[in-house]
Amino acid sequence: MFLKTIRLFIAVLFLSSVTTFTAHAHGQSIAIMVSREGFDRMSNYSVDVEAGHEVTITFTYADDDLTGDNPHDIRILGAGVDLPTVTVSRDNPTATITFTPTRTGTLTILCVIPCIGMENLVGGSIHVVQPFTSGAKISLTLDLSPRDEQSVLARVKLTDAEGRPISDVPVSLVLNTSVGGEIVVGVPVTVVDGTAAWMIPALAGQKLQVSAVFQGGNGLGYAQNIAEITMPGAPLSVPLGALSSPAPPFALALMLVIVVGSIWVTFGFVAYQVFSIRKG
Amino acid sequence: MTALLAKLLGSSTEDFDKLNTHEKALLRPVFVWGRGFYLTVAFLALIFGFGVFAYLTQLRDGLAATGMRDTVSWGLYIINFVFFIGISHVGALLSSILRLTGAKWRHPITRMAESITFAALLFGALMPIIDLGRPERMFNLIFSGRIQSPILWDIISITTYLTGSSIFLLLPLIPDMALLRDKFIHAPAWRRWIYRILSFGWTGTPEQHARLDRAMNTMAVLILPIAVMVHTVVSWIFAMTLRPGWNSTIFGPYFVAGALASGAASVVLAMVVFRKMYRLEEFITLKHFKYMAALVLTLNLAYIYFNISEYVTLAYKMEGAEKAVLASLFSGQFAGLFWVTQLLGLIVPAFLLVLPMIKPMTWIKRLRVLPPMLLAAISALFLGASLATSFFNTFIGFDPSLVALAFLLGGLAFGGWATLTLIPWLQARPIPTFVIAAALIVIQAWLKRFIIVVPVLEQPFITDAAFEGALYNPTWVEWGITAGALAGFLLVYLILSRMVPIVSVWETKHGEVEETVSGPAHALPQPAGVSSPEV
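S.K.: Any chance you could explain the pattern of salt bridges here in plain terms?
M.R.: Pairing of side chains with opposite charge becomes possible as their charged atoms draw close. Residues and elements named next belong to chain A. Following the criterion strictly, the structure yields 16 salt bridges over all chains and no others. The partner of lysine 207 in a salt bridge is glutamate 228, with the nearest N and O atoms 3.7 Å apart. Of this pair, lysine 207 sits in strand S16 (residues 207-214) while glutamate 228 sits in strand S17 (residues 223-230), and the two are 21 residues apart along the sequence. The class of lysine 207 is exposed, set by a relative accessible area of 56%. For glutamate 228, a relative accessible area of 46% corresponds to the partly exposed category. Members of the salt-bridge network, linked through shared partners, are Arg36, Asp63 and Asp65.

S.K.: Sorry, what's going on with helix H20 (residues 476-499) of chain B here?
M.R.: Each α-helix winds once per 3.6 residues, and so residues spaced three or four apart point in a common direction. Taking 1.5 Å of rise per residue, the 24 residues of H20 of chain B would be expected to cover 34 Å, and the 33 Å separating its terminal C-alpha atoms lies within 8% of that figure. Among the 24 residues that make up H20 of chain B, 17 are buried, leaving the element largely enclosed by the rest of the structure.

S.K.: Please explain the packing of aromatic side chains as it appears in this structure.
M.R.: Residue and element names in this part refer to chain B. Inspection of the entire model under this criterion finds 38 aromatic pairs over all chains. Geometrically, the ring pair formed by phenylalanine 489 and tyrosine 493 is stacked, given 6.1 Å between the ring centres and 10 degrees between the ring planes. Highlighted residues: phenylalanine 489 and tyrosine 493, both in helix H20, separated by 4 residues, approximately one helical turn. Residue classification places phenylalanine 489 among the buried positions, given a relative accessible area of 8%. Looking at tyrosine 493, the relative accessible area reads 7%, which means it is buried. Joined through ring pairs, the aromatic side chains of Trp74, Phe238, Trp246, Phe251, Tyr254, Phe255 and Tyr303 make up one cluster.

S.K.: Quick question: what am I supposed to make of unusual backbone geometry here?
M.R.: Keep in mind that most residues, glycine aside, have a negative phi and that most peptide bonds are trans. Residue and element names in this part refer to chain A. Here aspartate 40, not a glycine, exhibits a phi torsion of approximately 50 degrees, which is positive. Given the relative accessible area of 26%, aspartate 40 is considered partly exposed. Positive phi, normally seen in glycine, also occurs at arginine 41, with a value near 60 degrees.

S.K.: Can you walk me through the sheet that holds strand S2 (residues 29-35) of chain A in this structure?
M.R.: Paired through their backbone hydrogen bonds, the strands of a sheet run either parallel or antiparallel. The strand order S3-S2-S5-S8 (chain A) describes an open sheet built from 4 strands, whose pairing is mixed. Either end of the sheet is taken by a strand with one partner, and the two such strands are strand S3 (38-39) and strand S8 (94-99) of chain A.

S.K.: Just checking my understanding: could you explain the environment of glycine 38 of chain A for this structure?
M.R.: Residue and element names in this part refer to chain A. Of note, glycine 38 is situated in strand S3. Assessed through its relative accessible area of 0%, glycine 38 is described here as buried. In sequence terms glycine 38 and glutamate 119 are 81 residues apart; their C-alpha atoms lie 8.2 Å from each other.

S.K.: Teacher, can you tell me more about the pairing of S2 of chain A here?
M.R.: Across a regular strand the side chains alternate sides, sitting on one face of the sheet and then on the other. Residue and element names in this part refer to chain A. With 6 bridges joining them, S2 and strand S5 (residues 55-61) adopt parallel strand pairing. Its bridge partner being in S5, isoleucine 30 is matched across the sheet by isoleucine 57. Across 2 bridges, the pairing between S2 and S3 is antiparallel. In the strand pairing of S3, valine 34 is matched with phenylalanine 39. Where S2 folds back on S3, the antiparallel hairpin that results is connected by 2 residues.

About the criteria used
Residues numbered from 1 in each chain as written. Chains lettered and ligands numbered in written order. Predicted model: local features only at pLDDT ≥ 70, side-chain atom pairs only at ≥ 80, totals over all residues. Heavy atoms only, no water. Salt bridge = Lys/Arg side-chain N within 4 Å of Asp/Glu carboxyl O. Helix = DSSP H or I, 4+ residues; strand = E, 2+ residues; numbered from the N terminus. Buried < 20%, exposed > 50% of the residue type's maximum accessible area, 1.4 Å probe, protein only. Expected span 1.5 Å × (residues − 1). Phe/Tyr/Trp six-rings, centres within 6.5 Å; stacked < 30°, edge-to-face > 60°. Pairing = 2+ DSSP bridges.

In structure tokens, the structure reads:
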């Protein structure tokens, strides 16, 4: 019993340590062992990479101790990347993916086929962070304001460390959706005063979170800013249809009760006739 | 073995010998169960068992065992559902309309139609539950259903229709149940119990007849709108969405027309099988086939009209999101299936159904300079050459279209010639011709549901690189369940036809037989040299 408690304590200690483990990639080259116990034998593997720099990930098959093969199809999913699935197996023990994350956020690494230990291979994450080293320091401001009842005006301004405007450079505007995804809504180019503007569609009462990302380059550093806006509410100009109505429309419910009720009452009449046959 | 089964399940030649001629003609399949019946049941039960095994696999592994995913989330199960509900309409149509119009020729075939309704609904209603993956979640619709959801309307209407169809099937069975109760006295206890309970103490008094007539007339009036309602609501499952390809205002009548056509065609198939299997030539005559063919033709033409209306209005505009769906049907991934279904499943059957009803085209015999097989072979040769020309000329380098087109036209010309020479053969054999047309329509009905469901879902609203190539490929589990459901449907239908007479005994008793024999069946035009219709 005592030994069991000690083992349990050690196991809990070990698990709590791995859940907080974060590998830092240096040189944007990462090696990951893939086994039934997870990525690098962790069910919640996590690694940081820098946005705007090439990342090379090498996956290595690590289920050799199994009698049979346990292939894994590894996929990296997330906003801003479109990567192929790679396979590691006994016959194909290593696979490499190279990509350049364009903006900050979290990418998910997972095995997309049923395999032994698949529950440990769905929670890996790659955190794309702002570059630690970059060019000249840049200031990026983002301002959101209602343009009309159905759109928001996003205005960005890019200046260098001395406050001078930076013109003719693209800035990505990314809408962070309410379901956790991201949509690039536009890539405006700054004009002579370092500003750029873009119209984003919005609904009355909708809360929008928008990121503006400048990738840097040509001696300029990476810059990012996030802003939020909640659109003012407005009365609906069109009444909701029955399908989207939260409560059952009375007329519909009444009609259903009358139609279906009449049919079933008639069935009852027919059943009465049938059971009365016995009397005749 | 057969003797043992006969003892357990019920076969009595002793009782059978005491029946009168009319009863003997119709009740033989009920009284005498032979080896063929047992083998057929065993074969169908085997396929049904395989379907059950496939379903258990799905229960164990979840819907991941199917080809359905988040993009294409409806597949074979919903196709089967719409198909089964569709063919179930025929019972309501035939029995209700023909009863209300007093058409006596209906008597030998109404029970076949009503039984199709009952058996098809049983398996049609199961399909959405199978599609759920977690069947216990069906109760969520009852306890947490939203009355404004078409899914709930579907559940209500199908439950109502199944109840109504069961009553509609049962009512005209009551006098025949009483007949079996009185005459099948050596039946096993379980069958005697069924006949006793379902005969409701019928003795044939005038008052009982009056009550039965009242009940049957009421149901005849009621069942038709219910049937129309059910398939309209089934179509609304699709049409109430905003999906391109389903977002249509004519889906209700479009589905109802298709359902009635396929249901009527399935009765033609049932007629020919039972006629041969149960020796019912005396009751199901050429006249019945002719009338049914006219009905199938009318419904098929209505369905063709709805197809044209649906596709032409969309194709003329080719607007927005509809464009991708229509392009996949007209010239894309589903083009082959689409055109084959439209031509072989709708247009060709219409011609086949017309041919035996029109004057024999004797002049076509003059075209028979060469044997049809030789013409077909030449046609195939030309079509092959057309394909080959297209293929090789891409390497040679000159414009291949003209040569390929010439071969294609040649192939079509010879193919058309071969088909023309077959017309006298088809006109001389009305029943096989009707049956070929009916079979094509029933197959079309299933494929058409595939065309309605799958191509639309393969054009998702949001495309994501991670889920690109969202193609639907049904797995063996889905095919297994589909085969099992079809076998189960046939099994229920077959057993029903052996438990009760598939042609109503009491309704065909009073002169209808004579009427059917001496009716206008022989007024069908006969080609020269053909003495009687070949079956």
